[in-house]
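Listed here are the chains, written in short residue letters.
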Amino acid sequence: MKIYRYIAFLAAAVIIISCDDNTSSIGTILTDNKDNLEVTTDSFVVATRSIASDSVLSRSTTAYLGKVRDPETGAYITGDYMTQFHIFENYTFPDRDKMRSIIDGEIVADSCEINLYYENTSYGDSLAAMKLTMYEMATPMEESQFYYSNYNPMEKGLIRTENGIAKERAYTLKNMNLSDDERAKATTRSIRIKLNDPYTSSDGKTYNNYGSYIIDKYYQDAANYRNSYTFTHNVVPGFYFKTTNGLGSMADIYMTQLAVYFRYLHSDTVAVGTAAFSGTEEVLQTTTFINDEGSVTRLVDDHTCTYLKTPAGIFTEATLPIDEMLRGHESDTINTAKIVFRRINNITDSPYALGPPTTLLMVPKSRMHSFFEKHEVADSKTTFIATLSTSQNSYTFNNISTLIKDLYSRRGTEDWNKVVLIPVVTTYNAQNELTKVVHDMSLKSTRLIGGSENANGDIKISVVYSKFN
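All values reported here derive from a predicted model rather than from experimental measurement.

The subject of this paragraph is the side chain of T243. By the secondary structure assignment, T243 is in strand β14 (residues 239-245). Here the side chain of T243 touches G66 through a polar contact of 3.1 Å, landing on its backbone nitrogen. For T243, the side chain forms a polar contact with the main-chain oxygen of G79, separated by 3.1 Å. Residue contacts for T243: discarding those within four places in its chain leaves L65, G66, K67, T78, G79, D80, M130, K131 and L132.

If you want it as structure tokens, here you go:
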């Protein structure tokens, strides 16, 4: 449908449009030919479908451990993770002659442990009985490689088998070893794994515990502690935490810390020292997710809607009717192109129903992997961010006109007119500038209106054109 207006009305519309920080236009020009400016609007149906993501680039500051079942879809999700440990450059222990933890003339650690610190917002039943097994890595995973969420260090032969640590630990997210008052006062929650059993290193030397091995490696050669790289390759290549039993909880691990305790002489007093090494952004941390393939396939084959499921589950693909949008408008300027994706509310009556993703990335399908591998951020030109509007129950991309132009320039190539909606987590700096976009690896799920059985106008892209006659 075409709508004709004089320039006074149109200029006001252009000004309103330009005030939207999320909007842009393709070649909009204001000239003195006011009476010859023609503006038209139209809308077109957008086809959508669910696609299985299989795996996503696994690199985040939060790791996930546990196994749960989505009460809405029945899909099972298992999370295991690997972490390395960061050290400060040129890390030092006290001088050898000041160490007071000594057995048979050998400097030792009094004790050693690993703590898995998890968020209070971890998902599921806090009383669900779970079990993990912690495995020592034989070889470190390398920073230079891309690791996706289906990468399994055990299957790749990176776990140390002969004399390697394989420590089981049963746990619940609610620590029943504490009283109610102690739990209420606790500022952190963690799963503690003690490493005080005798340990044999890869060179065949046996220590009274794992901490003694770490101390000895320093006194053998302080260069082992020059930086995180030398520490990872010469001392501690990392640990892999695998869910081995239980169902009902998924812990959001925000920090894994390796702690070594010892005594040393400090100002003529014997003090207790702690050497603590943590999994941080400076070192590699990856989560391995196992999704129930049967459930994923069943949901993808549901054409009455589309799905967004994380982690590494299902994305929504949209085919933009670019040829149709530009037919008859070859000499026009696309001022705006707006598209809204509406949610279908979850009606599952369960306290553990998964919430919807907060933020979506719209990215050309041809770039759905490279975008993350190259550490790109949404530029509001060819990639866009939308957040969930709770009042409208939808995700709105206000103006993707520049994306349409870019896709049209690739016409004829594979998937040239397709975009993918991917749940993400975004980071902004103090100036409110987007600095980081990564996959949302938390437990989220929602349905969107659409799918091949509902392709009769449920999702439309609204376009505003202009041209000078």
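Once the structure has been displayed, the description carries forward.
Buried within helix α5 (residues 293-300) are the following residues: S295, V296, L299 and V300. Angularly, the buried residues of α5 cover 135° about the axis, an arc narrow enough to put them on a single face. The elements touched by buried residues of α5 are β2 (47-52), β17 (285-291), β18 (306-310) and β19 (314-319). Among the residues of α5, the N-terminal cap falls to D292, whose side-chain oxygen and the backbone nitrogen of G294 are separated by 3.2 Å.

Before going further, it helps to spend a moment on helix α3 (residues 210-220). With 10 of its 11 residues buried, α3 lies for the most part within the structure. Along α3, the residues classified as buried are Y210, G211, S212, Y213, I214, I215, D216, K217, Y218 and Y219. Where α3 begins, the capping side chain belongs to N209, and its oxygen is found 3.0 Å from the backbone nitrogen of G211.

This part is about the pattern of salt bridges. Inspection of the entire model under this criterion finds 15 salt bridges. Measuring nitrogen to oxygen at the nearest pair gives 2.9 Å for the salt bridge that ties E317 to R49. On the criterion of sequence distance, the pair formed by E317 in strand β19 and R49 in strand β2 is long-range, its members being 268 residues apart. Judged by its relative accessible area of 42%, R49 is partly exposed. Each member of the salt-bridge network shares a partner with another, and the members are R49, E317 and K365.

What follows deals with empty space enclosed by the protein. This model, assessed by the stated rule, comprises three cavities of 30 Å³ or more. Here the largest cavity defines a volume of roughly 40 Å³. Looking at the largest cavity, the residues that line it are A75, I77, N291, V296, K309, T310, P311, G313 and I314. Taken together, the residues of the lining of the largest cavity break down into five nonpolar, three polar and one charged.

Let's shift gears to the side chain of T359. Mapped onto the elements of the fold, T359 is located in strand β21 (residues 359-364). In contact with T359, not counting residues within four places along its chain, are I385, A386, T387, I422, P423, V424 and T426.

This part takes up the nonpolar core. Core analysis: the largest hydrophobic core is formed by 46 residues, its most contacted members being F93, L116, Y210, I214, Y225, F241 and F277. Listing elements by their share of this core, those giving two or more residues are β3 (63-69), β7 (111-118), β9 (130-136), β11 (189-194), α3, β14, β15 (249-266) and β16 (269-278). In this structure, F93 is in contact with I214, I215, Y218, Y219, Y225, F262 and A275, ignoring residues within four places of it in sequence. With 31 residues, the next largest nonpolar core counts V46, L388, L448 and Y465 among its residues.

Applying the stated criterion to the full structure yields 25 aromatic pairs. Aromatic side chains Y210 and Y213 sit 5.5 Å apart centroid to centroid with 40° between the ring planes, which places their arrangement in the tilted category. You can see Y210 and its partner Y213 sitting in helix α3, three residues apart, about one turn around the helix. Side by side, Y210 and Y213 carry an identical accessibility label, which is buried. One aromatic cluster is present, built from ring pairs that chain together Y91, F93, Y218, Y219, Y225, F231, F262, Y264 and F277.

Attention now moves to the confidence of the model for the protein chain. Of all residues in the protein chain, 90% have pLDDT values of 70 or greater, and the mean over the chain is 90. Low pLDDT, under 50, characterises residues 1-31; the stretch is placed with 43 contacts to residues that sit more than four places away or in other chains.

So, about the pairing of strand β4 (residues 76-83). For β4, the buried fraction is high: seven of the eight residues fall into the buried class. The pairing of β3 with β4 spans four bridges and is classified as antiparallel. Looking across to β4, one finds that R69 is bridged to Y76. Here β4 pairs with β17 via seven bridges, running antiparallel. Bridged to T83 within β17 is Q285. Here β4 pairs with β14 via three bridges, running antiparallel. Residue pairing in the sheet places T83 in a bridge with F239 of β14.

Within the fold, I193 resides in strand β11. When its relative accessible area of 1% is taken as the criterion, I193 is described as buried. Once the C-alpha coordinates of I193 and C112 are considered, the two residues, 81 residues apart in sequence, prove to be 8.9 Å apart. The residues contacting I193, other than those within four sequence positions of it, are E113, I114, L116, L132, M134, K167, R169 and F241.

Criteria and cut-off values
- Residues numbered from 1 in each chain as written.
- Predicted model: local features only at pLDDT ≥ 70, side-chain atom pairs only at ≥ 80, totals over all residues.
- Heavy atoms only, no water.
- Helix = DSSP H or I, 4+ residues; strand = E, 2+ residues; numbered from the N terminus.
- Polar contact = N/O pair within 3.5 Å; in protein donor to acceptor, adjacent residues only side chain to side chain.
- Contact = heavy atoms within 4.5 Å.
- Buried < 20%, exposed > 50% of the residue type's maximum accessible area, 1.4 Å probe, protein only.
- Arc of directions from axis to C-beta.
- Salt bridge = Lys/Arg side-chain N within 4 Å of Asp/Glu carboxyl O.
- 1 Å grid on protein atoms, 1.4 Å probe; cavity = no way out; pocket = protein on both sides within 12 Å on 5 of 7 lines; lining within 4 Å.
- Points joined across faces, edges and corners; volume = space filled by probe spheres on them.
- Nonpolar A, V, L, I, M, F, W, Y, C, P; charged D, E, K, R; others polar.
- Core = buried A, V, L, I, M, F, W, Y, C linked by side-chain atoms within 4.5 Å.
- Phe/Tyr/Trp six-rings, centres within 6.5 Å; stacked < 30°, edge-to-face > 60°.
- pLDDT = per-residue confidence, 0-100.
- Pairing = 2+ DSSP bridges.

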